[in-house]
Amino acid sequence: MKFTKTMRKITLTFSFIIVVVMAYSQFPAGRAGGQNMNIGHFYGKLVDAKSNKPVADATVQLIGNKFDTATKKIKEVILATVLAKPNGDFSLENLPVFGTFKFSATALGYKSLSQNLSFGIKFPSGGVAQDPNFMQQMLNMVDKDLGNLKMESESNDLGNVTVSAPVKQQFEMGIDRKIFNVDKNLESTGQTATEVMKNIPSVNVDIDGNVTLRNATPTIFIDDRPTTLTLDQIPADIIDKIEIITNPSAKYDASGGNAGIINIILKKNKKIGYNGGIRAGADSYGKLNGGGDFNLRQGKFNAFVNFSYNQRKFKSDGTTNQNNFFNPPSNVYSTQNAVNNGEFKFIRGGFDYLADNRNTITIAGNYVKGQFNANTNLNLDSTINSIYAANNQGLSTAYREFQNTGAQLGYKHNFTKNGENLTADLNYNASTNNSNSNNNIYTYFPNTSTQKQPPLLQQTLTDGSQKYYTIQSDYENPISDNKKLEAGVRAAIRDFGNNSTQLKYNNRTGNYDKLPGISNSYKFNDQVYAAYVNFKGKVNKLGYQVGLRAESSTYTGTLLNSNGADSANFSVKYPISLFPSAFLTYKLTDKQDLQINYSRRVNRPNFFQLIPFPNYSNYPVSVSVGNPGLNPEFTNSMEFSYNNAYKPKANFLATVYFKYSTNLITQYIYRGKDQLNPNTSDSIYYSTYINANSAVTYGLELTNNMPVNKWWDLLLNLNLFNSKINAGNVNANNGNGEVSLATNSILSYFAKMNNNFKFGKGYSLQISGNYQSKTVLPQNNSGGGGRGPFNQVQTTAQGYLLPRWSIDAAVRKDWTWKKGQSASLTLGMNDIFRTNYQASYSEQTGLFNQDNRRISNPQIVRLTFSYRFGKFDASLFKRKNLKSTPDSGGMDMMGGGN
């Protein structure tokens, strides 16, 4: 026992020495005050106790202890003396962070005010090694708001004030989200958010960049706000972390169905002073990427800018084999080869204005512009009654350009009570796009070069625009140490317009004629208004959060005639609906937690799922068309989780989840008349949306993040689930009468592995792999996610995905120099073994079955160099407003850079 106590003292003493040395190394010489770490900051406001008016020109003094080298004794010294400003504000800077202090304030006509103060810094139990984020937490604690201090005839002793900071793990389970730090993810360097998602547990990414969360399409947020940006428009180098919210609380939009939210937190200005970086790279296709960022914090202003330029190339090869069972039976086998070249530019910037100790105004904006050129070659062979009937050669070219503009205006007020704040945000996103595509089909007699019929030459001209406005205000109030109230209101308004002109070549006139029957022009407006309240509390070891959201929405769609005037419109109003949520967390030990949660959500059909006009971009393989009779789907979700931080830097998380959806919006294929070529008797396949009876998803997800040893970190993720779609309410005409679609249910799983190796002399290696078993196709595509350049029509109640797997790797060399300079060189390759084929099977009883197989961009090598510079000025670390809370979601200051 005596030996144990002695070792504990030695460990604590050793930990203290290491922390002081580490802290000293974080600051330039002469700034931190050596081992005294003079970076502390007390600030507040002096007010009259009765009138609450400011007390101006008061003398504020702070006394602390200092070791006298002459007498070899501790003695009291004056550390700082200032005069309060006319508004009562005062600020004491460059203070030691350890020990206790005596604070006093005197003013003419007021009695002296005094109190004892400390920053409350405590070392983690077991030493600093137990908490790798201790240094960052300590920096947050040395900036302390004393609130409004009242001066009156009687002394008001506030006592010994202490501040505690939350302990954050490398892999963290919050009360309603899981947080994964991706700033050092090697394989996504120089790429986009789509590649980042490939290494995030619970998230699956197909070869087109479409993202699913537990086999359903999630809603994408940026800094806790919805966005019109797609994942392939967000550079990976500006992303700080990803939050996975599988069961959102009442604080978030109820819309989005059963998929949850992926919240992308962009890098913020965490370093005070100035810092920045530049980066450049290239891939084995010869495509270049580059960018940079810069942050400057001085006085009351914090400015930031981030820019990026990316060239992209996508290559896709695929086959389709389709058997038709109508009379006479036929088969169509096709191969597709596509190449898409493009580029996009991204710039983001803004500034924070720190008006005073408690008020901050933020203005930020972003701009994205890009273009892509795609070329697709199609070879299609047709047989009828097993007799080779025709060969079709297709050539498709498409040019697309897009532009996105965003602006944010934010205000944050910190009340005198620690943790009480009010925020107000106005967000604006606008995007435009236009495209010009040509789709030419040439039909030949079997085994000859003689055309069987005149070629089908089609042209599609589209342009569209979207504007998204959100106005939101949130209030947080920690009623006590164990209770917290959250409330907010939100309005979201979206305007969308699109024009699509379908043209067909006239062999007689030599001109392209417009096809009015399948051309369309439309616009729509949807408005969602909501209010929510959340209450968080803790009773002994039990933590809870209960919330309720009230939400109503209206939806108006308008079809336009050739002159742009209204020709037809429809409107849908959804009355106020209530969406409850509840979270319970029980702390078994200091390292183990149990959590159960519930929420109700809605997925309303969007315009693309409703509009009854065909989209011929994938003609003649398939044509998509909306269904104006769709109803909203409702989902009830429950989760039960166990989390164990069983050793330093290690976490094990097990989650059992269950989701039940009614009126599930799912895709459905049927056969109908070819409206583009009305002179032929042939029919083609159409893909549309239907409401299935219901869907049930349940599963078990296991995630383990652990250091195998000092140089090897391992992250494992396994998701075992069953998706059951009941579409027995839908009848399909197979040519011999109507049949009901069968229920589709498959027990599936996908697994991920991420290895990070750290070698000597700044070398590191990352190897990641994933495997997906046979899986029911994702339940809907309405929530968000990415859109790749070669999207294919997917079905759900009628098909499944076949197994696939891939392995990626990257190696990096890091250099660190004096004065805040560092550099890194990263070399990576994706799909090393060229195995990431996406294959699917779909069928409709008595009508058809179809096999698809495609691969995109395997074995691409990328090389990226980055250089960082900066000067960390500890004397500027003064504002409570710069702090971020563990669950703030990132809209805290909309900073840029690193």
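Every value quoted in this text rests on a predicted model; they were computed, and no experiment measured them. (Residues numbered from 1 in each chain as written. Predicted model: local features only at pLDDT ≥ 70, side-chain atom pairs only at ≥ 80, totals over all residues. Heavy atoms only, no water.)

Right, let's get into the overall build of the chain. When you go through the chain residue by residue, the secondary structure sums to four helices and 47 strands. Considering the chain as a whole, with its 898 residues, one finds that 52% of them fall into the buried category. Considering only contacts in the chain between residues 6 or more positions apart, those separated by 24 or more positions represent 70%. Accessible surface, the chain as shown: approximately 39400 Å² in total, 56% of it carbon and sulfur. (Helix = DSSP H or I, 4+ residues; strand = E, 2+ residues; numbered from the N terminus. Buried < 20%, exposed > 50% of the residue type's maximum accessible area, 1.4 Å probe, protein only. Contact = heavy atoms within 4.5 Å. Areas by Shrake-Rupley, 256 points an atom, 1.4 Å probe, with all protein chains shown as cover.)

The next point concerns the nonpolar core. Generally speaking, nonpolar side chains in soluble globular proteins are found buried as a group. Residues Met197, Val203, Ile234, Ile239, Ile242 and Ile264 are the most contacted members of the largest nonpolar core, which totals 29 residues. Secondary-structure elements contributing two or more residues to this core are α3 (193-197), β10 (203-205), β11 (211-213), β12 (219-222), β14 (239-245), β15 (261-266), β19 (330-356) and β20 (359-384). Apart from residues no more than four positions distant in its own chain, methionine 197 is found in contact with Val203, Val205, Val211, Leu231, Ile242, Ile262, Ile264 and Lys752. Membership of the second largest hydrophobic core comes to 26 residues, among which are Phe42, Val60, Ala105 and Ile121. (Core = buried A, V, L, I, M, F, W, Y, C linked by side-chain atoms within 4.5 Å.)

Right, let's get into the sheet that holds strand β33 (residues 665-673). Taken in spatial order, the three strands of this open sheet run β30-β34-β33, and their pairing is mixed. Both outer strands of the open sheet, β30 (623-624) and β33, are each paired with one neighbouring strand and no more. Where β30 and strand β34 (residues 683-691) come together, two bridges link them in parallel fashion. Each bridged residue has a counterpart across the sheet, and for valine 623 the counterpart in β34 is tyrosine 686. (Pairing = 2+ DSSP bridges.)

Here the focus is the pattern of salt bridges. A pair can form between side chains of opposite charge whenever their charged atoms are brought close. For the structure on display, the rule yields 15 salt bridges. In this structure, arginine 549 and glutamate 551 form a salt bridge, with 3.0 Å as the shortest nitrogen-oxygen distance. Like glutamate 551, arginine 549 is buried. Its salt-bridge partner being arginine 812, residue aspartate 814 comes within 3.3 Å of it at the nearest N-O pair. Given a relative accessible area of 28%, aspartate 814 falls into the partly exposed group. Judged by its relative accessible area of 17%, arginine 812 falls in the buried class. Residues joined in a network through salt bridges with shared partners are Asp253, Arg490, Arg549 and Glu551. (Salt bridge = Lys/Arg side-chain N within 4 Å of Asp/Glu carboxyl O.)

Relative to the assigned elements, glutamate 420 resides in the loop between β21 (387-414) and β22 (421-444). Considered as a pair, glutamate 420 and lysine 484 are 64 residues apart in the sequence and their alpha carbons are 9.2 Å apart. Within the structure, the side chain of glutamate 420 is placed 2.6 Å from the side chain of tyrosine 475, a separation counted as a polar contact. (Polar contact = N/O pair within 3.5 Å; in protein donor to acceptor, adjacent residues only side chain to side chain.)

The subject of this paragraph is unusual backbone geometry. The phi dihedral of asparagine 94 falls on the positive side, at around 55°, and the residue is not glycine. Within the secondary structure layout, asparagine 94 lies in strand β4 (residues 89-95). Assessed through its relative accessible area of 43%, asparagine 94 is described here as partly exposed.

Bringing the packing of aromatic side chains into the picture now. Counted under the stated rule, the structure contains 27 aromatic pairs. Pairing tyrosine 749 with tyrosine 771 gives two aromatic rings, centres 5.7 Å apart and planes at 35°, and the pair type is tilted. Here tyrosine 749, found in strand β39 (residues 744-758), pairs with tyrosine 771, found in strand β40 (residues 763-772); they are 22 residues apart in sequence, far enough to count as distant. Among the residues examined, tyrosine 749 registers a relative accessible area of 34% and is labelled partly exposed. Through a chain of ring-to-ring contacts, the aromatic side chains of Trp711, Trp712, Phe757 and Phe759 assemble into a single cluster. The ring of tyrosine 468 is capped by arginine 494, whose NZ or CZ atom sits 6.0 Å from the centre of that ring. (Phe/Tyr/Trp six-rings, centres within 6.5 Å; stacked < 30°, edge-to-face > 60°. Lys NZ or Arg CZ within 6 Å of the ring centre and 35° of its normal.)

Moving on, we come to the confidence of the model for the chain. If pLDDT is low for a region, its predicted coordinates should not be looked at in detail. Chain-level pLDDT for the chain is 79 on average; 79% of the residues reach the 70-or-more range. Taken as a whole, residues 733-740 scores under 50 in pLDDT and shows 17 contacts with residues more than four places along the chain or in a different chain. (pLDDT = per-residue confidence, 0-100.)

This next bit is on the sheet that holds strand β6 (residues 110-118). Here four strands make up an open sheet; going across it, the order is β3-β2-β5-β6 and the pairing antiparallel. This sheet does not close on itself; its edge strands, each paired only once, are β3 (73-83) and β6. If you compare each strand with its neighbour and ignore which way they point, the axes differ by 25° on average. One ladder, built from seven bridges, connects strand β5 (residues 100-107) with β6; its direction is antiparallel. Residue pairing in the sheet places phenylalanine 103 in a bridge with glutamine 115 of β6. (Axes fitted to C-alpha atoms, helices over the stretch in contact; angles between N-to-C directions.)

Relative to the elements of secondary structure, threonine 362 occurs in strand β20. Classification of threonine 362 as buried rests on a relative accessible area of 6%. Only 2.8 Å separates the side chain of threonine 362 from the side chain of aspartate 352, close enough to count as a polar contact.

Below, the discussion takes up the environment of glycine 292. Residue position: glycine 292 is located in strand β17 (residues 288-298). According to the relative accessible area criterion, glycine 292 is buried, its value standing at 1%. Separated by 14 residues in sequence, glycine 292 and asparagine 306 place their C-alpha atoms 5.9 Å apart. If we skip the residues at most four places from it in the chain, glycine 292 touches Gly277, Ile278, Arg279, Val305, Asn306 and Phe307.

When a strand is regular, its side chains alternate between the sheet's two faces. With 21 bridges joining them, strand β23 (residues 456-480) and strand β24 (residues 483-506) adopt antiparallel strand pairing. Bridge pairing in β24 links tyrosine 469 to isoleucine 493. Between β23 and β24, which pair antiparallel in sequence order, lie two residues. Examined bridge by bridge, β24 and strand β26 (residues 520-539) share 18 bridges and lie antiparallel to one another. Across the sheet, alanine 491 pairs through a bridge with tyrosine 529, a residue of β26.

Of the two faces of β12, the one carrying Thr219 and Phe221 and the one carrying Ile220 and Ile222 are both buried. Relative to β15, β12 runs parallel, the two being bridged by four bridges. Within β15, the position partnered with isoleucine 220 by the bridge is isoleucine 262. Judged from the two bridges that link them, β12 and strand β13 (residues 225-226) form a sheet pairing that is antiparallel. Across the sheet, residue isoleucine 222 finds its bridge partner in β13, namely arginine 225.

Secondary-structure assignment places glutamate 639 in strand β31 (residues 633-647). Note on glutamate 639: relative accessible area 5%, which makes it buried. Placed 17 residues apart in sequence, glutamate 639 and valine 656 show a C-alpha to C-alpha distance of 5.6 Å. What glutamate 639 contacts, discounting residues up to four positions off in sequence, is Arg214, Thr246, Asn247, Gln595, Ile596, Asn597, Thr655, Val656 and Tyr657. Reaching out from glutamate 639, the side chain makes a polar contact with the side chain of threonine 246 at a distance of 2.6 Å.

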